[in-house]
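# Chains, contacts and geometry: an overview
Residue strings, one per chain:
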Amino acid sequence: MVSEKQLNRVGKWLAGAKRILVITGAGISAESGIPTFRGADGYWKKHDVMTLASPEGFAANPALVWEWYAERIATVRAAEPNAGHRALVELERRVPEFILLTQNVDGLHRRAGSQNMHEIHGSILRARCMETDKIYSIDDLNIEPPFPVRTPEGNLARPDVVWFGEIIKMDAMEAVDQYFDADKVEMCLMIGTTGMFPYIQRWALQTRQRDGKLIEINPEPTMLADFCNEVLECNAGDCLPGLVEYVSKSTY
Ligand code: OAD
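Okay, so let's go over this structure. (Residues numbered from 1 in each chain as written. Predicted model: local features only at pLDDT ≥ 70, side-chain atom pairs only at ≥ 80, totals over all residues. Heavy atoms only, no water.)

### A look at the site of the ligand
In the region of the ligand, 22 residues are neighbours, and Phe37, Arg38, Thr193, Thr194 and Asn218 sit closest. Within the backbone of Phe37, an N or O atom sits 2.7 Å from an oxygen atom of the ligand. A distance of 2.6 Å is found between an oxygen atom of the ligand and a side-chain nitrogen or oxygen belonging to Thr194. Burial of the ligand by the protein amounts to 92% of the accessible area it has alone, namely 790 Å². Among the residues forming the shell around the ligand, the class breakdown is 9 nonpolar, 10 polar and 3 charged. (Near = heavy atom within 4 Å. Polar contact = N/O pair within 3.5 Å; in protein donor to acceptor, adjacent residues only side chain to side chain. Areas by Shrake-Rupley, 256 points an atom, 1.4 Å probe, with all protein chains shown as cover. Nonpolar A, V, L, I, M, F, W, Y, C, P; charged D, E, K, R; others polar.)

### Concerning helix α7 (residues 83-94)
For α7, spanning 12 residues, the distance from its first C-alpha to its last is 17 Å, which sits close to the expected 16 Å at 1.5 Å a residue. Buried within α7 are the following residues: Gly84, His85, Ala87, Leu88, Val89, Leu91, Glu92 and Arg94. Of the residues that open α7, the one with a side-chain oxygen 2.7 Å from the backbone nitrogen of Gly84 is Asn82. (Helix = DSSP H or I, 4+ residues; strand = E, 2+ residues; numbered from the N terminus. Expected span 1.5 Å × (residues − 1). Buried < 20%, exposed > 50% of the residue type's maximum accessible area, 1.4 Å probe, protein only.)

### Looking at the packing of aromatic side chains
Summed over the entire model, instances satisfying the criterion amount to 11 aromatic pairs. Between the aromatic rings of Trp44 and Phe164, the centroid separation amounts to 6.5 Å while the plane-to-plane angle is 65°, which identifies the pairing as edge-to-face. Of this pair, Trp44 sits in helix α3 (residues 43-46) while Phe164 sits in the loop between β6 (157-161) and α9 (170-182); the two residues are 120 residues apart in sequence, bridging distant segments of the chain. The class of Phe164 is partly exposed, set by a relative accessible area of 27%. Ring plane angle 40° and centroid distance 5.8 Å describe the contact between Phe164 and Phe197, whose orientation is recorded as tilted. Of this pair, Phe164 sits in the loop between β6 and α9 while Phe197 sits in the loop between β7 (187-191) and α10 (198-209), placing them 33 residues apart in sequence. Put simply, the rings of Phe37, Tyr43, Trp44, Phe58, Trp68, Tyr69, Trp163, Phe164, Phe197, Tyr199 and Trp203 touch in pairs and so form one group of aromatic residues. (Phe/Tyr/Trp six-rings, centres within 6.5 Å; stacked < 30°, edge-to-face > 60°.)

Below you can see the structure in the form of structure tokens.
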């Protein structure tokens, strides 16, 4: 439960902040009908992560990996951005310096209209040639059995996502470092992520170390909750629109 008092406090901080970093994870897309990874019905409750999301798993059975990705692509194509994604678009329009880092590969932030955004784990809507590294939109490939997916030239393709054991997109890493180097991040919102990866934890804690406010929005507080200035135990789509209204009101 989130109290009026908590919303008021975070809303006022948001309205006063000029530099905001937002980090999202699978939870923000849950209300669009896309399963999370570690939740009750999460992917990693039913599937083995190393079989489906590692270079070794792909090398061992690319057809199986593509079968799973084809299912996820179909889910993502049928989904629509939700109130949480849309509220972040509105927030970006109101805040002078805004950066959004998403671990999600579903493209919903982009479809909602977010601009200064990095998909640090890549995109399920792209594939990469294993021979040439050329990137393809999945709209230009045949994502149908028989798997694995191949490029028009007949080469093996792989989803253009970051798997376990791989490093995140360097351009994103550099953009975040520059963002931190330039000035103090006044607020960091961690939305719908368990924050399992060290770089996520580093960015969150860096905000605190430099006197910024760290806020978690998640119905189930994570291990980062203890380091937060405020934890809003709620669904992103339920509380983000109300929070962003504080900013809209203050800038009219
Ligand atoms: P997780 O599945 O680990 O965590 C999802 C989080 O969202 C949980 O903490 C939930 O409590 C929370 N949540 C659920 N519904 C929510 C809602 N409506 N609003 C807000 N929060 C909600 O997903 P991630 O943290 O994104 O990486 O996982 C990080 C990475 O691990 C993924 O990018 C993926 C995965 O393995 C790779 O595949 C490389």
